[in-house]
Amino acid sequence: MIIIGEKINGTRKAVAQAIRDRDAAFIKDLAKSQAEAGSSYLDVNAGTAPEREPDDMAWLVTTIQEVCDTPLCLDSANPAALRAGLELVTHPPMINSVSGEKPRIEGVLPLALEFKTNLILLALDDETGIPNSSEGRMKIVDRLVGLSKDGGLLESQLFVDPLVTAISTGTENAMITYDTIRSVREKYPECHITSGLSNISFGMPLRPLINQTFMAMCVQVGMDSAILNPNDRNLRAVLLASEMLMGKDRFCQNFSRAVRSGKIGDPPQK
Ligand code: THG
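Below, the structure is looked at part by part. (Residues numbered from 1 in each chain as written. Predicted model: local features only at pLDDT ≥ 70, side-chain atom pairs only at ≥ 80, totals over all residues. Heavy atoms only, no water.)

Moving on: the overall build of the protein. For the protein, the helix and strand inventory stands at 11 helices and eight strands. Taken against the 2.2 N^0.38 rule, which gives 18 Å for 270 residues, the C-alpha radius of gyration of the protein at 18 Å falls within 12% of a compact globule. By principal-axis analysis of the C-alpha atoms, the protein measures approximately 55 × 45 × 35 Å. Residues counted as buried form 50% of the 270 residues belonging to the protein. Summarising the internal contacts of the protein: among those between residues at least 6 apart in sequence, 68% fall at separations of at least 24. Accessible area of the protein: about 13,000 Å², with a carbon and sulfur share of 54%. Once the 28 positive and 34 negative side-chain charges of the protein are each reduced to a mean point, those two points are 6 Å apart. (Helix = DSSP H or I, 4+ residues; strand = E, 2+ residues; numbered from the N terminus. Rg over C-alpha atoms; globule rule 2.2 N^0.38 Å. Buried < 20%, exposed > 50% of the residue type's maximum accessible area, 1.4 Å probe, protein only. Contact = heavy atoms within 4.5 Å. Areas by Shrake-Rupley, 256 points an atom, 1.4 Å probe, with all protein chains shown as cover. Lys, Arg positive; Asp, Glu negative; His and termini not counted. Charge placed at Lys NZ, Arg CZ, Asp CG, Glu CD.)

Here is the structure:
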């Protein structure tokens, strides 16, 4: 599972404050703890006004790289902020994200092609927003995969995000995500599939339970990456169990090692 650690996000209050105050210690702690918890990438979202975002992104990238080697997932729709980050990264990055929206195709996709980055593709566009069917989402995915490959990216650099909408607003919403994951897996076997899953439980009680169950179900239909809080012990346990039960953990090694080192499971009984 390719884990993208979600915590360095300027839409979170404490992170916004740390960016304003240039509180490097706070950001470094978030970077280290997510790296140690097994993130393959750290999402970096400055979440600030367009005029400030390039400077804030540059500061975040520099600050994070002073304490960890984990590749970064630059999360912005602002081409100037993305470029500022791309010019500083020391490991092959990911861009989060391009969609079928015109400004993203014209402003973000060319940067991914120029810097040959990994790239998240969102299944939404100007015309329909997030389509209410997997067929509608696949039409957008087809177009974005085509443009990316024509521009020189490999399928293995692409991370399709099928998008998740709240189950509280549509009985079929989780099913649309599974159908989209299955279609991408079948049509583009080399592409990765990632998602920020927590939208599924918006407006519902017991959100962690719903998120954990949804995670297992998405892994079953072929999702191989997720944007999540890697320090969430329960979510990590579900991930490791799901992958093991999908035949992706030879001799159950990853699961067993995580239990032995205390990373998942209840503390030993006295
Ligand atoms: N797809 C893509 N990118 C995305 C999303 C997606 N980026 C943003 C978002 N969705 C994923 N990132 C977050 C970041 C923080 C939280 C949720 C999603 C969040 N934080 C809580 C808080 O700030 O209080 C709790 C954090 C915690 O558990 O400690 O909810 O879908 N491509």
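Scanning the entire structure with this criterion turns up 11 salt bridges. Among the ionic pairs, Glu101 bridges to Arg104, the shortest N-O distance being 3.9 Å. Note on Glu101: relative accessible area 24%, which makes it partly exposed. A salt bridge links Glu106 to Lys102; its shortest N-O distance comes to 3.4 Å. Here Glu106 and its partner Lys102 are both found in helix α5 (residues 102-107), four residues apart, which amounts to about one turn of the helix. Its relative accessible area of 53% is what places Glu106 among the exposed residues. Counted as one network, the salt bridges with shared partners bring together Arg22, Arg52 and Asp56. (Salt bridge = Lys/Arg side-chain N within 4 Å of Asp/Glu carboxyl O.)

Following both chains from N to C, one finds helix α3 (residues 53-65) and helix α4 (residues 79-86) inclined at 25°, their axes separated by 8 Å at the closest point. Comparing the axis directions of α3 and α4 gives the class roughly parallel. As α3 runs across α4, the sense of the crossing is right-handed. Across from Glu53, Pro54, Met57, Ala58 and Val61 in α3, the residues of α4 making contact are Ala80, Ala81, Ala84 and Gly85. Across the contact of α3 with α4, the residue classes tally to seven nonpolar, one polar and one charged. (Axes fitted to C-alpha atoms, helices over the stretch in contact; angles between N-to-C directions. Parallel < 35°, antiparallel > 145°, perpendicular 65-115°, else oblique. Left-handed = near helix turned anticlockwise from the far one by under 90°. Nonpolar A, V, L, I, M, F, W, Y, C, P; charged D, E, K, R; others polar.)

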